[in-house]
Structure formats: C-alpha cells, structure tokens
Amino acid sequence: MQIRARVSMSADGYVTTPSGWPALTADPAFVSGQSHGIREFLEGCEAALMGRTTFEPALTNSRWPWPTLDVFVLGSHRPDGTPDHVTTDSDPVRLLEKLRAANRGGDVHLVGGARTIGTFHALGALDSLELIVLPMLFGGGTRLTPALSPDAGLVLQRQRALPGGAVEIVYSCRGSRAGLPAKPASQR
Ligand SMILES: NC(=O)c1ccc[n+]([C@@H]2O[C@H](COP(=O)([O-])OP(=O)(O)OC[C@H]3O[C@@H](n4cnc5c(N)ncnc54)[C@H](OP(=O)(O)O)[C@@H]3O)[C@@H](O)[C@H]2O)c1
C-alpha cells in the first residue's frame, strides 16, 4: 500500500484559488472534460484519505466523488450526513491504523488538503507527492507549505505533459518517520 498525495496547483504555486476552491476547478480544460490523468491514477487506488475541510463539500455534491473507493476522513467530529461506509477519526495515527487494517493491497489517494498532507508526511506515511501544475496564475490562494514541511525530501520519479497544457510531476518522499509505528512488512 502506497499513500499518494495528488494535488493540482497553479503555475505560481497555489493549491486553491483565491476563493478557496481546489486549483483544478479553475482550469477551463478540466471544466470541459480533461481528466488530467486522474483515471489512470485511480486504477491503482482502493481508498481515498482526506481532511474534514476537503471532505465536507462532498456531502452536498449532486454526485458522490469517490464511488469506487473506501473513504477515510481525518477530523475532530463526524460531519452530519456522513454516509455509514465512511471511516472518520480525530487521531491521524489511529486513522492510519484503520486504513492499513482495511487495506487489500491497493494504493491510497491522499486527496488533501495541505494540512492533512502535512500531517501524514510528518508521520512518515506519505509515499509520494504528485503535482498537477496547471497553465494558470492565481496570484493568491493557499500553498502546500508551511502545512507540508518544506523539508519534504522530494525525489523526482517521472513527469509528463497532459492534454490541455498541465504537467504532471511525481515525486517520492523520503520524509522522517518520527512518531509513526513501523509499517507492517507486507505493506512496505
Ligand atoms: N488543489 C488540490 O488538489 C486540492 C485538493 C484537496 C483540497 N484542496 C483545497 O484545500 C483546502 C482545504 O485544505 P486544508 O489544509 O485547509 O484542510 P484539510 O486538510 O482538508 O482538513 C483540515 C482538517 O483536517 C483535520 N486535521 C488535519 N490535520 C490534523 C491533525 N494533525 N490532527 C487532527 N486533525 C487534523 C482537522 O479537522 P477538524 O477541524 O475537524 O479537527 C482540520 O481542520 C480547501 O480549500 C480545498 O479546496 C485542494
């Protein structure tokens, strides 16, 4: 099981628009149907992991965003209307244990946001950071840092141009493993 954060960002480094929406939603290519590689990415994934702030808008979406994935949410409370099949926990180490216990061999899509990516990276649990850099400048919004430590230990694995002008960059993370129980050998 690999925990893979996949994040869209503007070319000037913002993961949200100035008004707080995920960067991807501002890209005309995405709005007109470009998937930005998400379908291939999800082929290897069996679960989605995210923070409460990123999760809550899904509760009022007309369409459930993760129809094929088990969903795990980090947050101090279980938001009203959360479907029974969603696992929530206020403690990231405990949530990670639940994620691993449920794992059937597939990867985990760490959806975001920056605070939750930073939390799992600080625990040494983030295996890769996959950026979709959009051909747009926002001039404002939220960045990955400092919620994600600048000491992220990124090692370039691959990159590719996507239809619509975005670029996918995949890094593995060497991050520190402080505070985290060792992964079981079967899940390394
Ligand atoms: N560009 C992209 O691809 C992308 C992807 C996803 C999200 N986003 C954007 O990112 C923004 C949200 O990001 P965010 O960083 O503000 O929020 P977030 O990571 O989605 O959620 C933050 C919440 O997660 C819980 N949490 C995080 N770390 C924790 C820890 N160490 N211990 C306990 N609970 C913890 C807390 O919930 P409680 O408050 O309940 O305690 C916290 O308020 C949104 O604007 C969204 O649009 C962008």
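Each chain carries its own residue numbering, running from 1 in the written order of its sequence. The predicted origin of the model limits local features to residues at a pLDDT of at least 70 and limits the giving and counting of side-chain atom pairs to 80 or more, whereas totals for whole chains, interfaces and linings rest on all residues. Calculation of side-chain values draws on the structure's entire complement of heavy atoms; hydrogens and water are dropped beforehand.

(A) Structural view of the environment of Val7. Residue placement: Val7 occurs in strand S1 (residues 3-9). Taking the C-alpha atoms as reference points, Val7 and Arg143, 136 residues apart in sequence, are found 11 Å from one another. Residue contacts are defined here by distance: any two heavy atoms, one from each residue, within 4.5 Å place the two residues in contact. Here Val7 is in contact with Val15, Ile117, Leu129, Glu130, Leu131, Ile132 and Leu144, once residues within four sequence places are set aside. Comment: elements are numbered from the N terminus, with helices defined as DSSP H or I runs of at least four residues and strands as E runs of at least two.

(B) View of the state of the cysteines. Note that a disulfide, as used here, is simply two cysteine sulfur atoms within 2.5 Å. Per the counting criterion, the structure on display carries zero disulfides. Not engaged in a disulfide, the cysteine Cys45 finds its nearest cysteine sulfur in Cys173; these two sulfurs lie 15 Å apart. A 1.4 Å probe rolled over the protein chains alone gives each residue an accessible area, and that area as a share of the maximum for its type sets the label: buried under 20%, exposed over 50%, partly exposed in between. Given the relative accessible area of 13%, Cys173 is considered buried.

(C) Local environment of unusual backbone geometry. At the junction of Gly112 and Gly113, the peptide bond is cis and its omega measures out at -5° in the coordinates. Checked against the element boundaries, Gly113 lands in the loop between strand S5 (107-112) and helix H5 (114-122). The residue after Thr145, namely Pro146, is reached through a cis peptide bond having omega 5°. Checked against the element boundaries, Pro146 lands in the loop between strand S6 (128-133) and strand S7 (154-161).

(D) Quick look at the nonpolar core. What makes a nonpolar core is a set of buried Ala, Val, Leu, Ile, Met, Phe, Trp, Tyr and Cys residues whose side-chain atoms join them at distances within 4.5 Å. Ile3, Leu49, Leu99, Phe120 and Leu144 are the most contacted members of the largest nonpolar core, which has 28 residues in total. For this core, the secondary-structure elements that each account for two or more residues are S1, strand S2 (45-51), strand S3 (70-74), helix H4 (92-102), S5, H5, S6 and strand S8 (167-173). Beyond its immediate chain neighbours, meaning those up to four positions away, Leu99 contacts Met1, Ile3, Ala47, Leu49, Phe72 and Val108. In this structure, Trp66, Leu69, Val71 and Val86 belong to the second largest nonpolar core, which totals eleven residues.

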